[in-house]
Amino acid sequence: MAETRKVIILGSGSAGLTAAIYAARAQLRPLVVAGSQRGGQLTLTTDVENFPGFPNGVQGPELMDLLRQQAERFEVEFVDDDATAVDFARRPFRVTVPGRTLDAEAVIIATGAGTNWLNLPNEQRLIGHGVSSCAPCDAFFFRGKEVAVVGGGDSAMEEALVLTKFATRVTIIHRRDKFRASKIMADRALHHDKVGVRWNTVVEDVLGDETVTGLRLYDRERRAREEFRVDGLFVAIGHHPNTELFRGQVDLDEQGYVRLHRHTMTSVAGVFAAGDVHDHRYRQAVTAAGWGCMAAMDVERYLEGH
Ligand SMILES: Cc1cc2nc3c(=O)[nH]c(=O)nc-3n(C[C@H](O)[C@H](O)[C@H](O)COP(=O)(O)OP(=O)(O)OC[C@H]3O[C@@H](n4cnc5c(N)ncnc54)[C@H](O)[C@@H]3O)c2cc1C
């Protein structure tokens with residue numbers, strides 16, 4: 001029979017690890033199912049300069065290692081695997097990981113979200129070296145440089161406008177001849193004197209050995225390829241929440257993000273959510289950590305009441 005734990009946390013990004021630290025210090029002896037991407041999205045990037053407490057910045061993977069060490073100091077138990085199934089209809093809740101079933105009185109979902117990347121041959125290798133998906137995080141590194149943004153929705157326009165504060169030139173590359181973005185956002189970008197657009201154009205690859213030096217573009221109208229010199233590529237074609245596992249278990253919104261009902265509680269009492277898995281507005285390590293703290297405190301109160 002599975003041992004029933006007080007709380008299981010799904011995910012080991014900033015939300016999951018912060019929740020673990022708070023839950024452990026509240027004597028809840030949490031178990032973290034860390035997932036196959038241990039440390040979460042921040043392990044994809046290099047310099048993180050906006051996480052409070054690091055005056056000289058910190059490397060993304062190092063920050064996540066430090067958070068994990070901090071959790072381990074309070075004897076948080078880790079299972080370094082993905083959860084493969086959950087059952088929130090029964091009590092205690094059940095979480096299945098390969099070869100084991102785990103039961104808990106409360107669960108925190110902190111499985112995060114992922115960038116929709118372009119799947120270019122050299123894209124993953126250059127993430128953190130000129131390729132990004134987060135202008136508020138990385139625009140600062142492109143002061144005086146030229147960058148491209150791929151996408152045509154509101155978030156692509158937003159990324160482009162953030163980048164204009166630092167870059168000398170921002171080129172939006174869009175595969176169609178008009179944007180999907182709202183008129184107000186599209187106008188704002190189109191009328192900015194630093195922003196240019198390449199319509200009907202797709203990015204075939206990102207170029208560069210150590211850092212990005214350019215893009216290989218294909219102009220669909222002219223049916224011509226060219227190398228386009230830029231120092232950075234911002235991919236802004238959307239995100240996907242990691243919530244497939246929870247479909248039919250808790251309420252999700254139209255885009256698949258977990259819907260919060262009261263504070264950090266989901267539609268199921270005792271199941272909480274924290275970080276990018278529900279928050280598609282802020283998407284920052286520090287906000288995810290904040291949500292993790294809130295979820296752990298809500299779990300503590302919930303368990304006290306039961
Ligand atoms: C390239 C890039 C650069 C960035 N730079 C910055 C920056 O400079 N500053 C900043 O504040 N933010 C930055 N961000 C954003 C930041 O990384 C996210 O906001 C933050 O990581 C969200 O944390 P999270 O814990 O909610 O989710 P995530 O970091 O997405 O973590 C989700 C966790 O859930 C796990 N998981 C998924 N499915 C399962 C499952 N079935 N079972 C168990 N576990 C599962 C994953 O393995 C992972 O451990 C950047 C993001 C990217 C992509």
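Residues numbered from 1 in each chain as written. Predicted model: local features only at pLDDT ≥ 70, side-chain atom pairs only at ≥ 80, totals over all residues. Heavy atoms only, no water.

Undergrad: Could you give an account of the overall build of the chain, with specific residues and numbers?
TA: If you tally the helices and strands in the chain, you get 6 helices and 19 strands. Taking 306 residues into account, the globule formula puts the C-alpha radius of gyration at 19 Å, and the chain, at 21 Å, falls close to it. Taking the principal axes of the C-alpha coordinates as reference, the chain spans close to 65 × 40 × 35 Å. Buried positions account for 52% of the 306 residues belonging to the chain. Of the contacts made within the chain by residues no fewer than 6 positions apart, 60% connect residues no fewer than 24 positions apart. Accessible surface computed for the chain: about 15,100 Å², of which carbon and sulfur atoms make up 46%. (Helix = DSSP H or I, 4+ residues; strand = E, 2+ residues; numbered from the N terminus. Rg over C-alpha atoms; globule rule 2.2 N^0.38 Å. Buried < 20%, exposed > 50% of the residue type's maximum accessible area, 1.4 Å probe, protein only. Contact = heavy atoms within 4.5 Å. Areas by Shrake-Rupley, 256 points an atom, 1.4 Å probe, with all protein chains shown as cover.)

Undergrad: Can you explain the sheet that holds strand E14 (residues 201-207)? Please cite residues and give values.
TA: Read across the sheet, 3 strands follow the order E14-E15-E16 without closing on themselves; strand pairing throughout is antiparallel. With partners counted over all chains shown, the strands left at the sheet margins are E14 and strand E16 (224-229), one partner each. The mean angle between the axes of side-by-side strands here comes to 25°, regardless of whether they run parallel or antiparallel. Bridge count between E14 and strand E15 (residues 214-219): 6 bridges; the pairing is antiparallel. Each bridged residue has a counterpart across the sheet, and for Val 203 the counterpart in E15 is Leu 217. (Pairing = 2+ DSSP bridges. Axes fitted to C-alpha atoms, helices over the stretch in contact; angles between N-to-C directions.)

Undergrad: So what about the environment of Leu 120? Which residues, and what values?
TA: Take Leu 120: it is sitting in the loop between strand E9 (113-115) and strand E10 (131-132). Among the residues examined, Leu 120 registers a relative accessible area of 9% and is labelled buried. Residues Leu 120 and Val 206 lie 86 residues apart in sequence; the distance between their C-alpha atoms is 7.0 Å.

Undergrad: Can you explain the site of the ligand? Please cite residues and give values.
TA: Every one of the 33 residues lining the ligand counts as a neighbour, but Gln 37, Gln 41, Ala 83, Asp 276 and Ala 285 are closest to it. In the model, an oxygen atom of the ligand is placed 3.4 Å from a nitrogen or oxygen of the Ala 110 main chain. For the ligand, an oxygen atom lies 2.8 Å from a polar atom in the backbone of Asp 276. Only helix H1 (14-25), E9 and helix H6 (285-305) provide two or more residues apiece to the shell around the ligand. Across the shell around the ligand, the residue classes tally to 13 nonpolar, 17 polar and 3 charged. Each of domain 1 (4-114 + 240-305) and domain 2 (117-235) contributes no fewer than three residues to the shell around the ligand. (Near = heavy atom within 4 Å. Polar contact = N/O pair within 3.5 Å; in protein donor to acceptor, adjacent residues only side chain to side chain. Nonpolar A, V, L, I, M, F, W, Y, C, P; charged D, E, K, R; others polar. Domains from an automatic or database assignment.)

Undergrad: Which residues make up the pattern of salt bridges, and what values go with them?
TA: Across all of its chains, the model carries 16 salt bridges by this definition. With a closest N to O distance of 3.2 Å, Glu 72 and Arg 68 form a salt bridge. On the criterion of helical spacing, the pair formed by Glu 72 and Arg 68 is a turn pair, its members being 4 residues apart in helix H2 (residues 60-73). (Salt bridge = Lys/Arg side-chain N within 4 Å of Asp/Glu carboxyl O.)

Undergrad: Please provide a residue-by-residue account of the pairing of E15, values included.
TA: Linkage of E14 to E15, two consecutive antiparallel strands, is achieved through a turn of 6 residues, within which Gly 208 is found at a positive phi near 140°. Across 6 bridges, the pairing between E15 and E16 is antiparallel. Within E16, the residue paired with Leu 217 across the bridge is Glu 226. With antiparallel pairing between neighbouring strands as the criterion, E15 and E16 make up a hairpin whose turn holds 4 residues, including Arg 223 at a positive phi of roughly 55°.

Undergrad: Can you tell me about the pairing of strand E17 (residues 232-235), naming the residues and giving the values?
TA: The alternating pattern of E17 places Gly 232 and Phe 234 and Leu 233 and Val 235 on opposite faces, both of which are buried. Sheet topology note: the E10/E17 ladder contains 2 bridges and is parallel. Within the sheet, the bridge partner assigned to Val 131 lies in E17 and is Leu 233.

Undergrad: Go over the packing of aromatic side chains with me, naming the residues and quoting the values.
TA: Per the stated rule, a full pass over the model turns up 7 aromatic pairs. Their ring planes at 80° and their centres at 5.6 Å tell us that Phe 88 and Phe 93 sit as a pair that is edge-to-face. Neither residue differs from the other here; Phe 88 and Phe 93 are each classed as buried. Arranged with centres 4.6 Å apart and planes meeting at 45°, the rings of Phe 179 and Trp 199 form a pair that is tilted. One end of the pair, Phe 179, is in the loop between strand E12 (169-173) and helix H5 (183-190); the other, Trp 199, is in the loop between strand E13 (195-198) and E14, with 20 residues separating them in the sequence. These aromatic residues form a ring-pair network of at least three members: Phe 88, Phe 93 and Phe 246. Across from the ring centre of Phe 78, 3.8 Å away, lies the NZ or CZ of Arg 68, which sits over that ring. (Phe/Tyr/Trp six-rings, centres within 6.5 Å; stacked < 30°, edge-to-face > 60°. Lys NZ or Arg CZ within 6 Å of the ring centre and 35° of its normal.)

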